[in-house]
Amino acid sequence: MSSRRGSRTRRGPLDEGQVVLAALGLLDEVGVEGFTMRALADRLSTFPNTVYWHAGNRDRVLALVVDRALGEMTVPDPSQVPWRDWLALAAREYRRVLHAHPNTAALVATQVLVSPPTLDLVEAVLSVLESGGYSGPALTHAYNAFVGSLVGWVSVELAAAQREPEGWQAEFALTLTELDPERFPTIGAHHEHLHDQAIALRWHGGAERPLDDSFEAALRVWLDGLAAGVAHG
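Residues numbered from 1 in each chain as written. Predicted model: local features only at pLDDT ≥ 70, side-chain atom pairs only at ≥ 80, totals over all residues. Heavy atoms only, no water.

A. How the structure looks around the overall build of the protein. Secondary structure assignment for the protein yields twelve helices and zero strands. Each helix and strand of the protein, ordered N terminal to C terminal, gives the series α-α-α-α-α-α-α-α-α-α-α-α. Counting only C-alpha atoms and orienting by the principal axes, one finds that the protein spans roughly 70 × 50 × 25 Å. Burial status across the protein gives 37% buried among its 233 residues. Pairs at least 24 residues apart make up 69% of the contacts formed inside the protein by residues separated by at least 6 positions. Carbon and sulfur atoms provide 54% of the accessible area of the protein, an area that totals close to 13600 Å². Each charge class in the protein can be summarised by its mean position, and for the 19 positive and 29 negative side chains these summaries are 10 Å apart. (Helix = DSSP H or I, 4+ residues; strand = E, 2+ residues; numbered from the N terminus. Buried < 20%, exposed > 50% of the residue type's maximum accessible area, 1.4 Å probe, protein only. Contact = heavy atoms within 4.5 Å. Areas by Shrake-Rupley, 256 points an atom, 1.4 Å probe, with all protein chains shown as cover. Lys, Arg positive; Asp, Glu negative; His and termini not counted. Charge placed at Lys NZ, Arg CZ, Asp CG, Glu CD.)

Rendered as structure tokens:
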């Protein structure tokens with residue numbers, strides 16, 4: 001009978017990159033609530049203390065995971081694409097990556113490292129906005145408007161669908177069809193376009209039912225707003 005320690009013996013050395021890759025896989029499978037350092041250690045056939053040694057505590061590991069996921073973004077050289085087109089490409093690429101790793105969406109706003117890859121992305125967005133006509137405080141406001149809108153929108157889209165109590169989705173859908181038409185006339189009149197498609201009126205999460213058309217509509221609003229901001233000084 002093998003010992004517990006023997007069952008966790010690795011055949012090769014462990015490094016931070018291996019820990020982060022395993023952590024991303026674990027997060028993809030179990031979500032933030034199910035993500036524990038013990039589960040990560042088990043996945044790596046080692047002990048929690050070994051994981052702490054190589055990558056730090058749970059918060060740092062999750063920050064490294066977000067950094068690793070965002071590192072999968074592929075965007076063109078900002079100097080080769082008109083500024084508005086580049087922002088559109090970057091926004092779509094950001095959303096693509098988060099849809100590939102939907103459980104990272106809840107972490108992006110709180111678990112981001114100040115790392116070279118992240119700073120490269122920040123620099124690219126700022127340089128594109130500057131080339132579009134923004135500078136000084138207006139550059140900061142434009143950056144915050146674009147990044148905040150994008151991060152918030154995709155995070156809300158990918159918010160995990162409620163799983164309990166069982167049958168809640170059918171109950172929620174039925175509740176929407178039985179709304180008082182005098183109190184909620186607009187919801188009733190447009191129910192075929194709103195039910196399970198509008199935020200707060202959905203019973204599926206964005207990972208199951210992506211809001212593709214709504215994202216493109218939102219993106220046009222953001223870019224039109226940025227273009228208008230430059231025009232008005």
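B. Focus on helix α5 (residues 58-70). With 13 residues, α5 extends 18 Å between its outermost C-alpha atoms, agreeing within 8% with the 18 Å of an ideal straight helix rising 1.5 Å per residue. Looking at α5, one finds that the buried residues are V61, L62, A63, L64, V65, V66, D67, A69 and L70. Those residues of α5 hidden inside the fold are in contact with α2 (16-34), α3 (37-43), α4 (48-55), α6 (83-100) and α7 (116-131). The opening residue of α5 is N57, an N-cap whose side-chain oxygen sits 3.3 Å from the backbone nitrogen of D59. (Expected span 1.5 Å × (residues − 1). Polar contact = N/O pair within 3.5 Å; in protein donor to acceptor, adjacent residues only side chain to side chain.)

C. Expanded view of the nonpolar core. By size, the foremost hydrophobic cluster in this structure holds 57 residues, and its most contacted members are L40, L87, Y94, L98, L129 and L226. Examining the composition of this core, we find that nine residues originate from one element, α6, more than from any other. The residues contacting L129, other than those within four sequence positions of it, are W83, L87, Y134, L139, A142, Y143 and L226. W168, A173, L176 and W203 belong to the second-largest nonpolar core, a separate cluster that totals six residues. (Core = buried A, V, L, I, M, F, W, Y, C linked by side-chain atoms within 4.5 Å.)

D. The confidence of the model for the protein, seen in detail. Considering every residue of the protein, the mean pLDDT works out to 89; 90% of them sit at 70 or more. Of all the helices and strands in the protein, helix α1 (residues 4-7) carries the lowest mean pLDDT, 40, while α6 carries the highest, 97. Every residue in residues 1-7 is under pLDDT 50, and counting partners more than four places away or in other chains gives two contacts. (pLDDT = per-residue confidence, 0-100.)

E. View of the environment of H195. Positionally, H195 belongs in the loop between α11 (191-194) and α12 (212-231). The class for H195 is buried, based on a relative accessible area of 12%. Distance from H195 to L176, taken between C-alpha atoms, is 7.5 Å for residues 19 residues apart in sequence. With residues up to four places along the chain from it excluded, the contact list for H195 reads L176, T177, I187, L201 and W203.

F. Main features of the side chain of E93. Along the chain, E93 turns up in helix α6. Given a relative accessible area of 12%, E93 falls into the buried group. Contacts of E93, omitting those with residues within four sequence positions, involve E72, M73, T74 and V75.

G. Seen up close, the packing of α6 against α12. Across the interface, α6 lies against α12 with an axial gap of 11 Å and an inter-helix angle of 145°. Remark: the crossing between α6 and α12 carries right-handed chirality. Here α6 contributes W83, R84, L87, A88, A91, R92 and R95 to the contact with α12, which in turn contributes D212, F215, E216, L219, R220, L223, D224, L226 and A227. For the contact of α6 with α12, the residue count by class is nine nonpolar, no polar and seven charged. (Axes fitted to C-alpha atoms, helices over the stretch in contact; angles between N-to-C directions. Left-handed = near helix turned anticlockwise from the far one by under 90°. Nonpolar A, V, L, I, M, F, W, Y, C, P; charged D, E, K, R; others polar.)

H. Here's a closer look at the packing of α7 against helix α8 (residues 136-157). One way to put it is that α7 packs onto α8 with a least axis distance of 10 Å and a crossing angle of 120°. In terms of orientation, α7 lies oblique with respect to α8. The handedness of the crossing between α7 and α8 comes out as right-handed. In this structure, α7 contributes V122, V125, L126, L129 and E130 to the contact, and α8 contributes L139, A142, Y143, F146 and V147. Looking at side-chain class alone, the contact of α7 with α8 contains nine nonpolar, no polar and one charged residues. (Parallel < 35°, antiparallel > 145°, perpendicular 65-115°, else oblique.)

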